[in-house]
Amino acid sequence: MSELFDAVDALIASRSSLPLPAERKRLRQAHGLTLDEVASALQVRRATVSGWEAGKTEPRPPERNAYARMLKQLTQLYPANAPVPPEGAAIPETPAVPAAPASSAAEPAQALAPTGPTAEHANTALRSAAPAAVARPAATTGPTSRRSAARKAATAGTPAGGADPRFENGPLAVVDVDADGQVLAYCVGGLVLDVPAKSLSALVEWTLREGRLGQPKLSGPGKDADPLIVLTEAACEHYGLPITLTKKERLAGRIPGGHKVIKQLTRANWQLTKRGFGPWARIYRPAQGSERSCVQLCIPSWDALDTRHWAGAGQLPPADLARLLGTYAVRVMTPRGSTAVTGLELMTALHPPTRASEPDATGKRHSEHNPGSLGKDPVDCAPCEAPDGHPLLADLPRFHQRTPAEVLMEEAYDWARPLTDAECFRPHLVGIDVNMAFAAGANGLTVGLGAPTRVKNPVFDAKLPGSWLVDLSHVDLSRVKLAKQWTYLDGELLPSPFTPKGERPTGPAWYATPTVAYAVELGYDVRPIEAYVRYDSGRYLDGWYNRLRDAYLATMADLGVHADMSPTDFLAAMDGYRQRDPELAIVVSAIKATVKGGIGKLRERPRGEGWKPGQPWRALARPTWRPDIRAAVISRTRINMHRKIVKHAAFTGQYPVAVLSDCAVYASDGPSPLDFLPYRDGKPLPGGFKLGVNPGLVKHEGTQSVLWGEGVREQFNAPQLNLARYIKDGTVTDKDMGE
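What comes next is a walk through the structure.

The rules behind the values
- Residues numbered from 1 in each chain as written.
- Predicted model: local features only at pLDDT ≥ 70, side-chain atom pairs only at ≥ 80, totals over all residues.
- Heavy atoms only, no water.
- Helix = DSSP H or I, 4+ residues; strand = E, 2+ residues; numbered from the N terminus.
- Buried < 20%, exposed > 50% of the residue type's maximum accessible area, 1.4 Å probe, protein only.
- Contact = heavy atoms within 4.5 Å.
- Areas by Shrake-Rupley, 256 points an atom, 1.4 Å probe, with all protein chains shown as cover.
- Core = buried A, V, L, I, M, F, W, Y, C linked by side-chain atoms within 4.5 Å.
- Salt bridge = Lys/Arg side-chain N within 4 Å of Asp/Glu carboxyl O.
- Phe/Tyr/Trp six-rings, centres within 6.5 Å; stacked < 30°, edge-to-face > 60°.
- Polar contact = N/O pair within 3.5 Å; in protein donor to acceptor, adjacent residues only side chain to side chain.
- Pairing = 2+ DSSP bridges.
- Axes fitted to C-alpha atoms, helices over the stretch in contact; angles between N-to-C directions.
- Expected span 1.5 Å × (residues − 1).

Time to look at the overall build of the protein. Looking only at helices and strands, the protein features 22 helices and 24 strands. Every one of the 739 residues in the protein was classed for burial, and the buried ones make up 52%. Here the analysis covers contacts within the protein between residues at least 6 apart in sequence; of these, 72% occur between residues at least 24 apart. A total of about 33,800 Å² of accessible surface is found on the protein, and carbon and sulfur atoms cover 52% of it.

Below, the structure written as structure tokens:
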């Protein structure tokens, strides 16, 4: 009989009584809880809790019991007849994104407050703050909040953007206009502010004087980040800006200088940068001492948010867009333009070019070079590092094609080969992709900080960054040293580590230091003919890597993918992770684009503006125009990939059939990476491919059949078509002859 009683008790418990949907929402808001916090505590999605409060769905065990317990305790704290706080008692809601990071460049991912469904139980649904937090009014000297009094009930004094009271409303705001014509600023953490500004110049003034927006500096000698204002289509129309740009304006990247809004800004003594009023406009007044007066604008309807990296972020509702951009801003930095521009700006923010000196005899401080930075003045590159059209090459004949002995060609892999007979009998082609490969390549890399020095017949030094003219054609991949032991491989099935196309060098060529060092590592002597080396050097990119790594890992953890997972659990967690929170998935894509774009921006090419070969272009005036650093990062990334390929081949006898940048494709007996990656007792091959979320580890890129691979190659009559380019979904979108 007791078993029957237990069954009845369990049945009753499975139907724990819940208040009506509207009351569920009231109780949550009364305690100042966000949907994210409740979802985190119950280990469900934010949309799930929203559905419970809207009455669209009902919770099921075991979440139902925990949800009922939370609501029961909140009912005791906030009975239905409790007095509602007055509108003036506004206390900012706890942010849905982590607090702004400290000035340290390398901040552990664990310090970032989790926001996704996998956050730890420490973020409990029931706060220790008693109803006294509701009754205590906040200061009313700042901007007015539009949220209801119930929504404002959060821990007193908790700023939406972090601990710095100057930026208590966060790094940015999305400005929109509601149906009643009221201008609203959506900030991080669900905070919504009234905006009284009637013109764009007034909006800039309001942002700087009352908005309390911005972000603390990332480095001691650096500068605080300027506030970012994102204008929706309704806001553009309200402030007299076009909703979209004409074809001519898109090509120019700006609206005409005679536009009425620009004239309005000029009358108010505001200025624009040389790039004018475009999708990422900077509006400023010259600095007065240490006081900066600058606001960054972002206009998504002008294509400010590139859909290749931000997907459909520009179409999100204002509150959701504020959450997405706010998460990126807090974890990476406030966007300063495209992801590429932001990646480059992050380097400077972490290593500002100057710092304040020690006081002189009169007690005054002066600006001086900041050690470890690239300085405030540009430096010339070596002739071999200069891209075509550079002023250093102005004397070359017009149609001259430079040879490998004249130009440094450090690029990512694009290599493929025909399948062997044995590989054709395997059913699957499995692609693995290196996470944040270029970030991993930058980690711990020593790069030049100053100008190059030309050296004739130098002795190679692996610790000295630079470009080396050396013949590596004698390196035989069929016999290489691994762990100081000579190992024999099938060199015909391996790409050369020295060229992007995987072809064996035929004579002297220019290489970056990591490439030449790898030839020595494989057991071969090198005798450089010439070099351009940089004696002033350092690990300039370490802080940049740490910042982006932590941002990536924290966001992936919010999506349910953690760094300490077993290979099987990791593959399961990666399956469909983007659907768990599409907005955070966009943040992941933007972080990856920041890495690749930032490295690419180190060698920015001319873009129109009437440029002619042999003439300088605008990017050359930046101290961060450093093609040598870009080459070193790409060189190290390619070498890292080759080192793993060689160790895998030596241990398993398996060779890749295609490599594209950070993706390698293998023929396999099974459809999973676990079917060909060597794991023993859960441990991977030392120095080989390892499954995991950390930068430098690999994930499953995609699986197709061998019949598919041979079919598309036959279809395009391209025996060496790079299958890594299409392994993800099997769709061949462009003819690739493997050239």
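Don't stop here, the text continues.
What follows deals with the nonpolar core. Formed by 108 residues in total, the largest nonpolar core has its most connected members in W310, W544, M556 and I591. The dominant element in this core, judged by the number of residues it contributes, is helix 21 (residues 627-652), at nine residues. Excluding anything up to four places from it in sequence, I591 contacts Y328, V332, M436, L548, A551, Y552 and T555. In this structure, V261, L265, A281 and V295 belong to the second largest nonpolar core, which totals 34 residues.

Let us now look at the pattern of salt bridges. The full count for this structure, using the stated rule, is 39 salt bridges. The closest approach of N and O atoms between R607 and E604, which form a salt bridge, is 3.2 Å. E604 gets classed as buried once you look at its relative accessible area, which sits at 9%.

Geometrically, a pair of aromatic rings is defined through the distance of the ring centres and the angle of the planes. Within the structure shown, the criterion is met by 11 aromatic pairs. Pairing W510 with Y532 gives two aromatic rings, centres 5.8 Å apart and planes at 40 degrees, and the pair type is tilted. Of the two residues, W510 sits in strand 17 (residues 508-512) while Y532 sits in strand 18 (residues 530-533), which places them 22 residues apart along the sequence. A relative accessible area of 6% places W510 in the buried class. Judged by relative accessible area, which is 11%, Y532 ranks as buried.

Before going further, it helps to examine the side chain of T327. Inspection of the secondary structure puts T327 in helix 12 (residues 318-331). Accessibility expressed as a relative area gives 2% for T327, which makes it buried. In this structure the side chain of T327 is engaged in a polar contact, spanning 2.8 Å, whose partner is the backbone oxygen of R323.

The next thing to look at is the environment of N169. Mapped onto the fold, N169 is located in the loop between helix 6 (132-135) and strand 1 (172-177). Owing to a relative accessible area of 3%, N169 belongs among the buried residues under this scheme. Put simply, N169 and L193 are 24 residues apart on the chain and 9.3 Å apart in space, counted from C-alpha to C-alpha. A distance of 2.9 Å separates a polar side-chain atom of N169 from the backbone oxygen of G211.

The strand order across the open sheet built from seven strands is 3-2-1-4-7-6-5, with neighbouring strands paired in mixed fashion. In the strand order of this sheet, the two ends are held by strand 3 (192-194) and strand 5 (271-272), each with one partner. When strand 1 meets strand 4 (residues 228-231), the two strands line up parallel, connected through four bridges. Bridge pairing in strand 4 links A173 to I229. Taken strand by strand, helix 12 contacts strand 1, strand 2 (183-186) and strand 4, and its axis lies near 165 degrees from that of strand 1.

Bringing the sheet that holds strand 24 (residues 698-705) into the picture now. An order of 10-20-21-11-24 is seen for the five strands of this open sheet, with the pairing classed as antiparallel. Each edge of the sheet is formed by a strand with only one pairing partner; in this case those strands are strand 10 (414-416) and strand 24. Within the sheet, the average angular offset between the axes of one strand and its neighbour, ignoring direction, is 20 degrees. When strand 11 (residues 428-434) meets strand 21 (residues 663-668), the two strands line up antiparallel, connected through six bridges. Looking across to strand 21, one finds that H428 is bridged to S668. Against the sheet, helix 21 engages strand 11, strand 20 (658-660) and strand 21, with an angle of about 15 degrees to strand 21.

The next thing to look at is helix 20 (residues 582-601). Under the 1.5 Å per step criterion, the end-to-end length of helix 20 is 28 Å for 20 residues, consistent within 8% with the ideal 28 Å. Counting buried positions along helix 20 yields 15 of 20 residues, so the element is predominantly enclosed.

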